[in-house]
Amino acid sequence: FCVYSLTPRCPESFKYLKRLFALVKNFFHPSNNGRWSSHLASFMGHLTACLAARVSTERAATRAGVLTAVYSDNQTKPVPPLEDRLSDDSIRELMDELMPIVHLGLHSKVGYVTVQSSASARDLATILPAVVVQPMLESAFEGLVSASTPHRTSAALKTLATLTPVFLDEDLFPNGVEFLPQALELTLPGIDPNDPEKTEATLRFIAGASARLSSSQTSMDFLDDYTHQLLERIFSFLEALEEPPKKNRGGSSAGYLTLSPFIFLIAIENLFASLPTPVILSATERIAREVSKSSVVNATKFYAILVRVSAGAAATDSEGSTSSALIFLPLLINQILEEEDGTLCLSSLSEKEMVWRIRMLAQACRTCNDLYPYLDKLFRIAILAMKKSERPVYKAGGRLLRGILEGLTAIRIKFSNLPLDSNSVSDFEWWEPTQKDFDKGVEILNNALFFAEGLALGKEIDITEEITGPREVTEVKMERDKLFRALRLLHAIQRAGRWIMAGSTADCFEDMEKKYPVGSDMSGMTKLEAQMILKKPSFAGVGGEYDSPLKNSGISDGMWRRTYTLILKILKTVVEKKPDDGSLIYRCLEPIELANEPFRRSNKGRVTVHAARGYKAAYKPVVAAKRDFNAPGGMGRSMPAFIKKLRLEALHETRVSMCARAGFASDDVFSEILTTLADLSINDFPLVRAESRGAFTRALRVCKLTQRRSGTMRVINALENFCDGAATKSADGDAMQIEKKDGDEKINYEGIIGAADVLRSSSVLPYIVRDWKLFTEMGLALMTGMIAADRQDAASMMSLLFSKFASYYRPIAMDKLALPESSFEIPAAIPEVSTRMLEFTEYNEILFKKMQVKSEDSALNWRIESLVSVMLYIGLMPECPPPTKVIEFFVLGLASELISIRQVSMKAVCQVLVLAPTWPEKEMLAILDIMEKTFTGDGFLRKFVHMMALDQADDGSDGYNDVYSLGCLSLLPMAKNVDGDACWTLVSGYPWPSSWVPRSRDLLAITRVRLFESIYHQFGPKLLPLTKEVVEPLANDKEEVKGVTKENVRIIAAELISGSIRGLRSTDCAEADFAQMASWAQDLLNVFTGPEGIVNGGTMLRLICSSEDSSAGSKVGDILRSRFCSAVNIDTSLPAHLQARQLRYLHATVADLNPKDAKVVPILAEVLPSLNTQASFSHALKHVREEIARSLSLFSQFSNEGALEVYFENVRTVSSRLATFDREQEGEDETGEETKKARSREGETLSRWISIVHWNGDTSVFSRYMSTVLPAMFANLDDSDPERISHARLALSLAAQAKLPVAIVDDVVAVCEKTAASPRWRVRGAVLPFLQVINFTRMFAVDQKVLAKIRSIVLSLTKDDQLEVREAAAHTLVILIRDADVSQLKDILSEMLASVRNSNEIFLQQRRQRRGGVKPPPFDAATVLARHGAVLVLSSFVMSSPYSVPAWMPEVLLALTLCINDPPPISTSVQKLFAEFWRTHRDEWQTHKSAFTEDELEAVSELLISPSYYA
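Residues numbered from 1 in each chain as written. Predicted model: local features only at pLDDT ≥ 70, side-chain atom pairs only at ≥ 80, totals over all residues. Heavy atoms only, no water.

### A few points about the packing of helix α52 (residues 1266-1275) against helix α53 (residues 1282-1296)
A packed helix pair is summarised by two numbers, namely the angle formed by the two axes and the spacing between the axes. For the pair α52 and α53, the least separation of the axes is 10 Å and the interaxial angle reads 150 degrees. In terms of orientation, α52 lies roughly antiparallel with respect to α53. Note on packing geometry: the crossing formed by α52 with α53 is left-handed. On the side of α52, the interface is formed by Met-1266, Leu-1270, Met-1273 and Phe-1274, while α53 contributes Ala-1291, Leu-1292 and Ala-1295. Split by residue class, the contact of α52 with α53 holds seven nonpolar, no polar and no charged. (Axes fitted to C-alpha atoms, helices over the stretch in contact; angles between N-to-C directions. Helix = DSSP H or I, 4+ residues; strand = E, 2+ residues; numbered from the N terminus. Parallel < 35°, antiparallel > 145°, perpendicular 65-115°, else oblique. Left-handed = near helix turned anticlockwise from the far one by under 90°. Contact = heavy atoms within 4.5 Å. Nonpolar A, V, L, I, M, F, W, Y, C, P; charged D, E, K, R; others polar.)

Rendered as structure tokens:
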């Protein structure tokens, strides 16, 4: 708003914005931070971003010749007409105001402020780079080289990193390249081992600056020297890294600060991509020498990045003469291998050194293209490492195998320099595997599988053994060490060979690529086609994808089948022979990553996407500044090459994961894996369960629907089987292996936990609730599990499963699962898992049969009934009416002895009444007939109400928690919250409350009121005669409910009365019925007692009076409203609670009326005369006064013209009575004291009234009364009671913040001016904080004359007779001076300086007389007041600039030094001022003192710097 409201046609808009900048500037000072800092920084960041966006758009439109207004649409940005666009002069003025604020924010101690200020500096630099960039760079360079200000180094680094997109852009800042060498050299110390944050800022700068290295005029020698210096600092940094602590369960190391590996990767990649070839080779050789030294285990990840990036940058095509393979591979291979007896074997390095070198070798293999001369030795190292029994060594061997295969078969973007103005992603060069590469990859995979099969057979790896083909693994040998190594080798095989085993591309992708070849017109491409083809990364394929020799050759499927067949054999053998070896079972699960999971399990793609978006946001203002108006395409087309590269890599990761189809062609193996994972997901070992559950649920997301259903049914059946130990048949005919536990022959609690954990997965449960077969099976299994789970952890897991199952519930159809259109082939028909489909009625019958089977254990019986009721409720569907037996069960359940059944029945009955109109007419009438007969049955309504009273008694207590429990699970909260109290069927209709008046903290349950309302709306005429017999005894306290207090009985009676009245239609009732219902409510209101009772009664009245016009509540509400309005009479002889109750009920009957309705006029005319009397306002009872204030605040919102006049007269009466009261004229006798106390109570009532009005928010109506009531509000502060003074201050504070119209502000200021002349000093002092808030909130809305008048009032009070008033006025004046324009303060400043100087001779003369031994005559009081007032005003001027020294300040300080020896309170004020001035200016005194002349500085310094103790 601030930015887009600026227009040259309204100069005031610029003026107001500049004043806003001046106001917030002090809050950006580094010494001034607090809770406001982040909010102000966010405001400034958004403001500069909007300003940059507007200026860029307007300039682009002007360049394009668009001079008229352009309105926005989906493709066009809005632009104002030429006369409303920002001119260069106005932009420069805004820059002059914003730059000092940004400079302050850059040095803030709050990290978020520095980040936002850096972004603001970048935005401003894009607007006027010639003005902004060079000063910012010079300031940053000064911060980097200054040894005296080390705290500025981080700010300077952040500034450089943020300004990089601008100052290195040739179009925006042509001379930026000249600063680049200096910037690069100065930022080298930023690589600080003791400060990872500073190091990260430096790397961010390098990442952006590297894009211009290739085009800069820097010499080869400089680049070579700089690169080597940078590497040396990086090596020192990495050597100093501490070992990270172990990760917690969330996968993070809490409290451990280190460098982000991803930021490090981007910086190194960008640097090497921009260096010339000789420098790259030199740097690569340096890295190779470093990694060949002793290992640096704590920085392995960072050294791996250095090796991988430098190897990729130094690599060329395999035909080239230069290759990074020559740099890294021979060096590392020679260190790892040594010849012994004519045979190459691993050298005698220590384990740590060996692991380090193998891992570095693996990273080099990933990007060294020319691996063929070294493949034999590389593969030999990997296999020899797999022979070692030490886990770190053979794990490193697996990494090396992965690196070899990735270097051969992975597709990646080559390191190359792109032109900075390149707008096409096709300029990137991709490294794609050749036929030879794929063939070699397949050969290596076969060899690795051969050795893995040998380990599984118990044979040790023999590198000299001839590889003849696949081994037949008939029996897996249980040799633990060899199996561990075989599994690690298999893990490496499936991860390394994922490009080969991914399989061929789906036909739909291939068709799209043929339809839109490279270079073709893609303008007609649909969104779906664009998503499928992902044309931006490349048309190059995933292993064997596009025109590949592996296409349709069966190699991919064969490799996948062979790998996972071996994994399955090992896994099954281990489970069968070593079921208690959890560690080995867990390792068996590690290699299992089905389908596209090898590509998706890593989060690298997601990190790349986020990084690309972050960098894109940083460069967006720069791109927008150069972009043509309404240019086609998005901002990404003009982004730097490295950002495009990040985005392309992310899209390529997505493409790879979408294309991977491994295992889809091997249904038998895939299904067997799912079956095995399903069994292991309910294993006894928690880690095994977690790992298998993850693999199983991820596989369910991508498998065929038949496999998904089969796997899900298997786990559902397992859950039910675990509860009784029966090994029943699973969905596919196999028997689940149910292990019986010692000491418990039936229940397998660990299995229950595992099965429940799988079923509550987000990839399983949503599928279950959308398939009727699975839904019914799940419901039955869930019931069995809930009953059987008696152990704490099992009961808790079943509770979680049940809660999630209920929350996922949607009204489901009985049709088969329908899927949206998809390009992938979906089976036309889904075969059923079982031979028949459970119909809806059969499902309900099964549930009823479970409930009819009675046990000798009564607790078990009610548990089953409770669960059946919940499952029946969840199964209610809009398209299928439930059987009449279900309806009868729920209606009778309302009066059940079990609270859980009652709670569920309440929800079910409400839902049935809502769904009934959607059912066929015949079934609907039958259902409603059953419900009506039950409700009107003999004694049912009474029993129903009594049971609801029992529920009310239980709310918030522990009455049922010990009895109604299911194992360790409480059924009561389960039943009450099965779908939440906010279920749409329970709160259907208009929301309540229906007016702006909030609901009181009553005890009525709206859900029960809605239930009664729904019942009486449907069956009201038949129930009305029966209701009288039930309600009247309850309303008159003549009937007791056993086990329920009278108060709770009254609450349920209030819910019944209000719900029945709201539900009944007025057309179904006679006039006598309305009177009878009103008498029910009146009788119940008369027996409510205590504060809670009054609140509950008021809520009941509001529920009745807020009924719809067609409801009986509308008529009954009119009757009750008439009674309470006519009964208003404040009688001081009545007990307090009766009078308070009368007023609360009056408030309740009026609260929901339409404020514009004419019926409110007679109500106000009848009620207000009784409320605004002196006796009412000064009532001795506080509770009564609070209710009077509450009612008056409600009536203030009535906006009918007649109501406004009546209310205004009431305000005038009260204000005139309270404002004219003079305490000094009252006597000190007993009568006078009582009068003062009565006036004090009246003031408290007024304060509460005003506070409630403004606390509720909307003051648009009450604002017209403000100037009338304000004198009385000021007078309230002249009181001796601290509590009442606090109330008065709160009322004034809230009133000052009200949204007052401009005309009202003029009247309010006039009242304040008159009040400032009051004879009572507390009243005069009360004006000051009120005016301060008024000045701040209305600063930009009122005329300058009004603000000048406010300053005039405050200035007059600086000369007040009372010292407290003068000091308060000076404090207020600080804010007024800070917010005012300097030009408006010159006269005041000159006048105050003249006053001090003119009176100085008088005070000097008296001091001379005192020093001469002559007693001087006393000062004239007026002279002292005038001088002290001038000193206070000048002090306010000084304190208005706490962190700067304006041009006028030295003169003011010099004048104040003349008063340091004056008598108190003048000298005291001066001493306080200089102490505060030194506190706020001491940090930057070296800068500030340059604003003083030598004489001024000498005079001021004597007062600022305390004398030395030793002087």
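### Observations regarding the packing of aromatic side chains
Within the structure shown, the criterion is met by 32 aromatic pairs. An angle of 75 degrees between the planes, with centres 5.6 Å apart, marks the rings of Phe-1124 and Tyr-1145 as edge-to-face. Here Phe-1124 is found in helix α45 (residues 1112-1126), whereas its partner Tyr-1145 is found in helix α46 (residues 1136-1150), with 21 residues between them in sequence. Taking relative accessible area as the criterion, Tyr-1145 reaches 2% and is therefore assigned buried. Taken together, the aromatic side chains of Phe-1177, Tyr-1207, Phe-1208, Trp-1249, Phe-1262 and Tyr-1265 make up a single cluster linked through ring pairs. Positioned above the aromatic ring of Phe-450 is the side chain of Arg-471, whose terminal nitrogen or guanidinium carbon lies 3.7 Å from the ring centre. Taking the ring centre of Phe-1403 as reference, the NZ or CZ of Arg-1427 above it sits at 4.5 Å. (Phe/Tyr/Trp six-rings, centres within 6.5 Å; stacked < 30°, edge-to-face > 60°. Buried < 20%, exposed > 50% of the residue type's maximum accessible area, 1.4 Å probe, protein only. Lys NZ or Arg CZ within 6 Å of the ring centre and 35° of its normal.)

### Examining unusual backbone geometry
That bond from Pro-1464 to Pro-1465 is cis: its omega, 5 degrees, falls within 30 degrees of zero. Here Pro-1465 is to be found in the loop between α60 (1449-1457) and α61 (1466-1481).

### Comments concerning the confidence of the model for the protein chain
Summarising the model, the protein chain shows a mean pLDDT of 80, and 82% of its residues fall at 70 or more. pLDDT under 50 marks residues 317-321. Its contacts with residues more than four places away, or in other chains, come to three contacts. (pLDDT = per-residue confidence, 0-100.)

### A closer look at the environment of Ser-1280
Structurally, Ser-1280 is set in the loop between α52 and α53. The class of Ser-1280 is exposed, set by a relative accessible area of 71%. As a C-alpha pair, Ser-1280 and Lys-1237 span 43 residues in sequence and 10.0 Å in three-dimensional space.

### Concerning a negative patch on the surface
A cluster of acidic residues, Glu-338, Glu-339, Glu-340 and Asp-341, forms a negative patch on the protein surface. With respect to the secondary-structure elements, Glu-340 resides in strand β1 (residues 337-340). On the accessibility criterion, Glu-340 (45% relative accessible area) is partly exposed. (Patch = residues over 30% accessible without salt bridge, like charges linked within 9 Å, V, L, I, M, F, W, Y side chains within 5 Å. Areas by Shrake-Rupley, 256 points an atom, 1.4 Å probe, with all protein chains shown as cover. Salt bridge = Lys/Arg side-chain N within 4 Å of Asp/Glu carboxyl O. Lys, Arg positive; Asp, Glu negative; His and termini not counted. Charge placed at Lys NZ, Arg CZ, Asp CG, Glu CD.)

### Remarks on helix α57 (residues 1363-1379)
Each α-helix winds once per 3.6 residues, and so residues spaced three or four apart point in a common direction. Helix length check: α57, at 17 residues, gives a terminal C-alpha distance of 25 Å against a target of 24 Å (1.5 Å per residue), a fit within 8%. Among the 17 residues that make up α57, twelve are buried, leaving the element largely enclosed by the rest of the structure. Structurally, α57 contributes buried residues whose contacts are with α1 (11-25), α55 (1321-1337), α56 (1344-1357) and α59 (1421-1439). (Expected span 1.5 Å × (residues − 1).)

### Some thoughts on α46
In this model α46 runs 22 Å from its N-terminal to its C-terminal C-alpha over 15 residues, within 8% of the 21 Å that 1.5 Å per residue would give. Along α46, twelve of the 15 residues are buried, which leaves the element largely enclosed by surrounding structure. Within the span of α46, buried status applies to Gln-1139, Ala-1140, Arg-1141, Gln-1142, Leu-1143, Arg-1144, Tyr-1145, Leu-1146, His-1147, Ala-1148, Thr-1149 and Val-1150. Tucked into the core, α46 has its buried residues touching α43 (1071-1087), α44 (1090-1105), α45, α47 (1160-1171) and α49 (1182-1195).

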